[in-house]
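# Observations on the model geometry
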Amino acid sequence: MTSINPHIQTAPNDVALWLGEETVAVGEESAAVSRAFEIFLNEYFIPVSRDAIPYIRFHQLKERWEAETDFLSSVSDIVMHPAYQQIIGMGPAAIPFILREMSIKQAQWFWALKSITNEDPVKPEHRGIVAEMSRAWLQWGKDRGYID
Amino acid sequence: MQPVGYLYRAPMEKRAVQARIDGYAFNKFSPYENWGAFSAEAQELWQSYVETAKPERLKRLALRYINRIEIPLPIRDFKDYLLTIPEIAPRLPQALSNFIMRLVVPNPEMEATAVINVIMEQPLGRQLLPIIFDIDVFKITNHAGTSEEIWYDFDQLRIFKNEIFFNSITDKSKELFQ
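The structure displayed is predicted, hence computed values, not measured ones.

### Here's the deal with the overall build of chain B
Check the secondary structure of chain B and you find three helices and seven strands. Ordered by position from N to C terminus, the α and β elements of chain B give β-β-β-α-β-β-β-β-α-α. A burial count over chain B gives 46% of its 178 residues as buried. Pairs at least 24 residues apart make up 56% of the contacts formed inside chain B by residues separated by at least 6 positions. As displayed, chain B offers around 10400 Å² of accessible surface, 53% of which is attributable to carbon and sulfur atoms.

Here is the structure:
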């Protein structure tokens, strides 16, 4: 990336990133503060006691996962995100919600579905082709009555 | 997303500098060493920023220290470690499983303000309870872009920050930082 300032020399391990208009939490502690206030705000609208309802829990986790992985390109970083792992932890209750999401928007749901179901309906020749993988999983969901 | 500047990160040295259209920030991640080394590097990079961005007026100066205190469990009373914490009415149950507290403290003498966030995170196993003690002290100014007065202001802000920090932690907490 081109430096805007010839006097700010970046060391070999330095990383230069574009800064967006959104606030950047640049350290772990700073991210913890951002996260705490985000949870606080979410709980203002959706009381914490409703967290036990699977639909609400799934959407809270999904929103957090999407917001915090939006800028990531590594699939392993995306699927290792704590919110994604908590969706896997919801077990079979999450399957219809994941499939419904998948039918609306393509995203990296394959790892979660494989982890929860211990199945993989994707043909070997379609691995890596997101549209085909999604199609295979949606058909799998229809066959098992998870979605219409 | 509209870009507003650059973030330069030096992961090995745990520091970053933000050169933004609307400002400049120098970040140092844990472990924090000392004010002398921190401010010297911040000043050096600030000079580079001034030469390039040529700021006309400096509207806001701020120092933010986000401390993470890991309190060993079990604890009898939070006040054994931290004195700036939420107070529960004495007739209510005193146990807390989570809290988030935000205080805005003006300092008319310095014409500065502190925003203090105290947050309890989830315990790390059964041994440690992380508390985030976040102190953001700032001052609204109207200095010229090249003004040297900002360094005096930063020293004052640091004094204010230290007053808050050292009057909020106990000797037991200080031991955790050693």
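Next, the rest of the story.
### Focus on the confidence of the model for chain A
Parts of the prediction with low pLDDT should not have their coordinates interpreted in detail. Residues of chain A with pLDDT of at least 70 account for 78%, and the chain-wide mean is 80. No element of chain A has a lower mean pLDDT than strand β1 (residues 15–19) of chain A, at 61, and none a higher one than helix α7 (residues 130–143) of chain A, at 94.

### Describing the side chain of T141 of chain B
Note that T141 of chain B resides in strand β7 (residues 128–144). At 2.4 Å, the side chain of T141 of chain B forms a polar contact with the backbone oxygen of L58 of chain B.

### Some thoughts on the pattern of salt bridges
Residue and element names in this part refer to chain A. Summed over all chains, the structure comprises 18 salt bridges over all chains. One salt bridge in this structure joins D120 and K114, with 3.6 Å as the shortest N-O distance. For D120, a relative accessible area of 30% translates into the label partly exposed. Note that D120 and R127 form a salt bridge whose closest N and O atoms lie 3.5 Å from each other. Residues joined in a network through salt bridges with shared partners are K62, E66, E101 and K105.

### Considerations on the sheet that holds strand β6 (residues 112–120) of chain B
All names here are of chain B. Strands sit in the order β4-β7-β6-β5 across an open sheet of four strands; the sheet is antiparallel. Since the sheet does not close on itself, it has two edges, and those belong to β4 (57–72) and β5 (100–107), each with one partner. Averaged over all neighbouring strand pairs, the angle between strand axes comes to 15 degrees, with direction disregarded. In terms of strand pairing, β6 meets β7 through nine bridges, oriented antiparallel. Looking across to β7, one finds that V118 is bridged to F133.

### Quick notes on the packing of helix α5 (residues 95–104) of chain A against α7 of chain A
Residue and element names in this part refer to chain A. Their axes nearest at 10 Å, the elements α5 and α7 cross at an angle of 135 degrees. One element, α5, and the other, α7, form an angle in the oblique class. In this structure, α5 crosses over α7, and the sense of that crossing is left-handed. Counting all contacts with α5, which are made through I95, L99, M102 and S103, the residues of α7 involved are S134, W137, L138, W140 and G141.

### Thoughts on the packing of aromatic side chains
All names here are of chain A. Scanning the entire structure with this criterion turns up 19 aromatic pairs over all chains. Note on F37 and F40: the rings are 6.4 Å apart at their centroids and 75 degrees apart in plane angle, and the pair reads as edge-to-face. Taken together, the residues span about one helical turn, with F37 and F40 both in helix α1 (residues 28–45) at a distance of three residues. When the ring of Y84 is compared with that of W109, the centres are 5.9 Å apart and the planes differ by 20 degrees; the resulting orientation is stacked. In this pair, Y84 is assigned in helix α4 (residues 82–89) and W109 in the loop between α5 and α6 (110–117), connecting sequence segments 25 residues apart.

### Concerning a nonpolar patch on the surface
A cluster of nonpolar side chains, contributed by L41, Y44 and F45 of chain A, occupies part of the molecular surface with about 410 Å² of accessible area. Following the sequence through the fold, L41 of chain A ends up in helix α1.

### Digging into the environment of S134 of chain A
All names here are of chain A. Along the chain, the position of S134 falls in helix α7. When the C-alpha atoms of S134 and Q106 are compared, they prove to be 7.2 Å apart, with 28 residues separating the residues in sequence. Ignoring anything within four residues of it in the chain, the contact list for S134 reads M102, Q106 and F110.

### Looking at unusual backbone geometry
All names here are of chain B. Of note, the bond from L73 into P74 is cis; its omega dihedral lies within 30 degrees of zero at -5 degrees. Relative to the elements of secondary structure, P74 occurs in the loop between β4 and β5. With a phi close to 45 degrees, K54 is a non-glycine residue in the positive phi region. Tracing the backbone shows K54 in the loop between α1 (35–53) and β4. Positive phi outside glycine occurs at E111, with the angle close to 55 degrees. Note on placement: E111 falls in the loop between β5 and β6. Owing to a relative accessible area of 60%, E111 belongs among the exposed residues under this scheme.

Definitions and limits used
- Residues numbered from 1 in each chain as written.
- Chains lettered and ligands numbered in written order.
- Predicted model: local features only at pLDDT ≥ 70, side-chain atom pairs only at ≥ 80, totals over all residues.
- Heavy atoms only, no water.
- Helix = DSSP H or I, 4+ residues; strand = E, 2+ residues; numbered from the N terminus.
- Buried < 20%, exposed > 50% of the residue type's maximum accessible area, 1.4 Å probe, protein only.
- Contact = heavy atoms within 4.5 Å.
- Areas by Shrake-Rupley, 256 points an atom, 1.4 Å probe, with all protein chains shown as cover.
- pLDDT = per-residue confidence, 0-100.
- Polar contact = N/O pair within 3.5 Å; in protein donor to acceptor, adjacent residues only side chain to side chain.
- Salt bridge = Lys/Arg side-chain N within 4 Å of Asp/Glu carboxyl O.
- Pairing = 2+ DSSP bridges.
- Axes fitted to C-alpha atoms, helices over the stretch in contact; angles between N-to-C directions.
- Parallel < 35°, antiparallel > 145°, perpendicular 65-115°, else oblique.
- Left-handed = near helix turned anticlockwise from the far one by under 90°.
- Phe/Tyr/Trp six-rings, centres within 6.5 Å; stacked < 30°, edge-to-face > 60°.
- Patch = residues over 30% accessible without salt bridge, like charges linked within 9 Å, V, L, I, M, F, W, Y side chains within 5 Å.

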